[in-house]
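Residue-level listing of the chains:
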Amino acid sequence: MPSRQASSPPPVAPAATDELARSRGIQHATLVAILTNSLLTIGQVVIGLFAGAFSLVADAAHTLSDLVTDLLVLLAGRHSADPADTNHPYGHGRIETVTTLVLGAVLGAVGVGFLWSSGIRLQGIEALPQLHPAALVMALLTLAAKESLFRYTLAAARRLNAPMLEANAWHARSDAASSLVVAAGIGGSLAGYPFLEPLAAAVVGFLILHMGIRLAWKSVRELIDTGLPEEELERLRTTIRETPGVIGLHDMRTRRMADRVLCDAHVQVDPRLTVSEGHRVSDSVYLRVRAAHPEVRDVLVHIDPEDDGELQVVPPGPLPERSEILARMRALLGRGFAEPRRVQIHYLGQRVEVEIILPSAPAAEALEALRSRRKDWLAEHPHYRNIRVFVEIAP
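A. Quick look at the overall build of the chain. In terms of helices and strands, the chain carries ten helices and six strands. Counting the 395 residues in the chain, one finds 42% classified as buried. Summarising the internal contacts of the chain: among those between residues at least 6 apart in sequence, 73% fall at separations of at least 24. Accessible surface for the chain amounts to roughly 21,800 Å². Of this, 63% is attributable to carbon and sulfur atoms.

Written out as structure tokens, the structure is:
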């Protein structure tokens, strides 16, 4: 019985592999955050109730809110890497953008909450309760854990180029700030300086509010398709203009989608190029941009035979289609001419240029008559700018 060789799995495209690795990296960093926040929440509640530190219990509620956002990031990180489908032809990267916007709003709300809380505490310093030193130890442990989590998550976010994960890292920093406020308040209360807690809360509140607004604004700019900065645009233009075969560039547009950039541009080539050669120039532009700018994940290249953005001449009317042009050229040639081998049509300057390739040379009389007819015919048909006739000398 003949043996069957196991078929190897189909190769995975490098871009798909990178997306999968990035998604797994986001999920791993988020799972670490979920585990850390779960342990801290339990510890803060137990020690807070034991030591009579209600501020520590309140900080535990803040940590619990981090668990909710961590789960949100985990869900977004998993689905943002889903491949494009019919309903989402550009992929699911905007899931990260929306999640970043939500986290930015949460940071802003937390900052406002700190400001509000610090104001209330400043008005009631005498009412602050005496606390057990165990509360300070727990607050310091929480502060160390949160700061470590912030640094770990931020490093992962920058390595993976994940704004959503960076937003979650700063959320961890906001929770570390709240732990700092709690530690300062408890330490100040134990040392006889209760005003230090509301003062620190006010400073941290301003910092967190600023970060939340910055992240939310960045997401809003992405959602309204804000283009790249001029410096990055100029680097893209240079890469495209230096591509062999490109003689002009106009109407280039860019927009962000999470960690990726989408670009489309009108590239001008020699108007006499064939369709296949123009397509080759388009492929060269795509490959060179992807190689020189890894953040650009898709490039839509529109090939133009001329700078259509600068055409100001009013056309004489709708230009004729190919079938109509072929019929008119056959009538113009008349008797004495063989069926053309090929007819090339150029739509340039909002006019039509025609190149007729004959399989054999016509008689001298027929050629002279064609010259006369061609001149009169062009004068009567303003849609046409020129008609050239060539003879094929080699098959």
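Now that the structure has been shown, the text picks up again.
B. The arrangement of the sheet that holds strand 1 (residues 248-257) in detail. The strand order across the open sheet formed by three strands is 1-2-3, and the pairing between neighbours is mixed. Two strands in the sheet have a free side with no partner beyond their single neighbour: strand 1 and strand 3 (296-304). Ignoring strand direction, the axes of neighbouring strands in this sheet form an average angle of 15 degrees. Relative to strand 3, strand 2 (residues 260-268) runs parallel, the two sharing eight bridges.

C. Representation of the packing of aromatic side chains. Under the counting rule described, the total for this entry stands at one aromatic pair. Centroid distance tryptophan 377 to tyrosine 384: 4.7 Å. Interplanar angle 70 degrees. Geometry classified as edge-to-face. For the pair tryptophan 377 and tyrosine 384, a shared accessibility class is recorded, and that class is buried.

D. Spatial organisation of helix 10 (residues 364-380). Compared with an ideal rise of 1.5 Å per residue, which puts 17 residues at 24 Å, helix 10 spans 25 Å between its outermost C-alpha atoms and is within 8% of the ideal. Those residues of helix 10 hidden inside the fold are in contact with helix 9 (322-333) and strand 6 (384-391).

E. Representation of the sheet that holds strand 6 within the structure. Read across the open sheet, the three strands follow the order 4-5-6; overall the sheet is mixed. In this open sheet, the two edge strands, each paired with only one partner strand, are strand 4 (342-348) and strand 6. Recorded for the sheet is a direction-independent mean angle of 15 degrees between the axes of neighbouring strands. The pairing of strand 5 (residues 351-358) with strand 6 spans seven bridges and is classified as parallel. Among the inter-strand pairings, isoleucine 357 is bridged to a residue of strand 6, identified as phenylalanine 390.

F. The nonpolar core, seen in detail. By size, the foremost hydrophobic cluster in this structure holds 18 residues, and its most contacted members are Ile240, Met252, Val267, Val289 and Val296. Secondary-structure elements contributing two or more residues to this core are helix 7 (230-241), strand 1, strand 2, helix 8 (275-292) and strand 3. One finds Met329, Ile356, Trp377 and Tyr384 within the second-largest nonpolar core, a separate group that totals 17 residues.

G. Region of the structure containing unusual backbone geometry. A positive phi is found at aspartate 251, a non-glycine position, where the angle reads about 55 degrees. Among the structural elements, aspartate 251 can be located in strand 1. Residue aspartate 251 is classed as partly exposed on the basis of its relative accessible area, which comes to 45%.

H. Spotlight on a nonpolar patch on the surface. A cluster of nonpolar side chains, namely Val98, Val102, Leu223 and Ile224, defines an oily patch on the protein surface of about 320 Å² accessible area. Along the chain, valine 102 falls in helix 3 (residues 94-123). On the basis of relative accessible area, valine 102 is assigned to the partly exposed category, the value being 37%.

I. Region of interest: the environment of valine 181. Within the element layout of this structure, valine 181 appears in helix 5 (residues 163-191). On a C-alpha basis, the gap between valine 181 and phenylalanine 114 in space is 9.3 Å, while along the polypeptide they are 67 residues apart.

J. Representation of the packing of helix 9 against helix 10 within the structure. Following both chains from N to C, one finds helix 9 and helix 10 inclined at 135 degrees, their axes separated by 10 Å at the closest point. Judged by the angle between their axes, helix 9 and helix 10 are oblique. Seen from helix 9, the contacting residues are Arg328, Met329, Leu332 and Leu333; seen from helix 10, they are Leu370, Arg373, Arg374 and Trp377. Its residues assigned to classes, the contact of helix 9 with helix 10 comprises five nonpolar, no polar and three charged.

K. Summary view of the environment of histidine 210. Tracing the backbone through its elements, the reader meets histidine 210 in helix 6 (residues 196-223). As for histidine 210 and glycine 111, which are separated by 99 residues in sequence, their C-alpha atoms are 8.0 Å apart.

L. Representation of helix 7. Taking 1.5 Å as the rise per residue, helix 7 with twelve residues should run 16 Å; its terminal C-alpha atoms sit 16 Å apart, in good agreement. Those residues of helix 7 that sit buried are Leu233, Leu236, Arg237, Thr239 and Ile240. Along the axis of helix 7, the buried residues cluster in a sector spanning 160 degrees; they form a single face. Among the structural elements, strand 1, strand 2, helix 8 and strand 3 are those in contact with the buried residues of helix 7.

M. Summary view of the side chain of arginine 237. Counting through the fold element by element, arginine 237 comes out in helix 7. Once you skip the residues sitting within four places of it in the chain, arginine 237 turns out to touch Glu230, Leu249 and Met252.

N. Layout of the pattern of salt bridges. Tallied over the full model, the rule gives 14 salt bridges. The residue arginine 256 makes a salt bridge to glutamate 232 at a minimum N-O spacing of 3.6 Å. One end of the pair, arginine 256, is in strand 1; the other, glutamate 232, is in helix 7, and 24 residues separate them in sequence. Judged by its relative accessible area of 29%, arginine 256 is partly exposed.

Rules used in this analysis
- Residues numbered from 1 in each chain as written.
- Predicted model: local features only at pLDDT ≥ 70, side-chain atom pairs only at ≥ 80, totals over all residues.
- Heavy atoms only, no water.
- Helix = DSSP H or I, 4+ residues; strand = E, 2+ residues; numbered from the N terminus.
- Buried < 20%, exposed > 50% of the residue type's maximum accessible area, 1.4 Å probe, protein only.
- Contact = heavy atoms within 4.5 Å.
- Areas by Shrake-Rupley, 256 points an atom, 1.4 Å probe, with all protein chains shown as cover.
- Pairing = 2+ DSSP bridges.
- Axes fitted to C-alpha atoms, helices over the stretch in contact; angles between N-to-C directions.
- Phe/Tyr/Trp six-rings, centres within 6.5 Å; stacked < 30°, edge-to-face > 60°.
- Expected span 1.5 Å × (residues − 1).
- Core = buried A, V, L, I, M, F, W, Y, C linked by side-chain atoms within 4.5 Å.
- Patch = residues over 30% accessible without salt bridge, like charges linked within 9 Å, V, L, I, M, F, W, Y side chains within 5 Å.
- Salt bridge = Lys/Arg side-chain N within 4 Å of Asp/Glu carboxyl O.
- Parallel < 35°, antiparallel > 145°, perpendicular 65-115°, else oblique.
- Nonpolar A, V, L, I, M, F, W, Y, C, P; charged D, E, K, R; others polar.
- Arc of directions from axis to C-beta.

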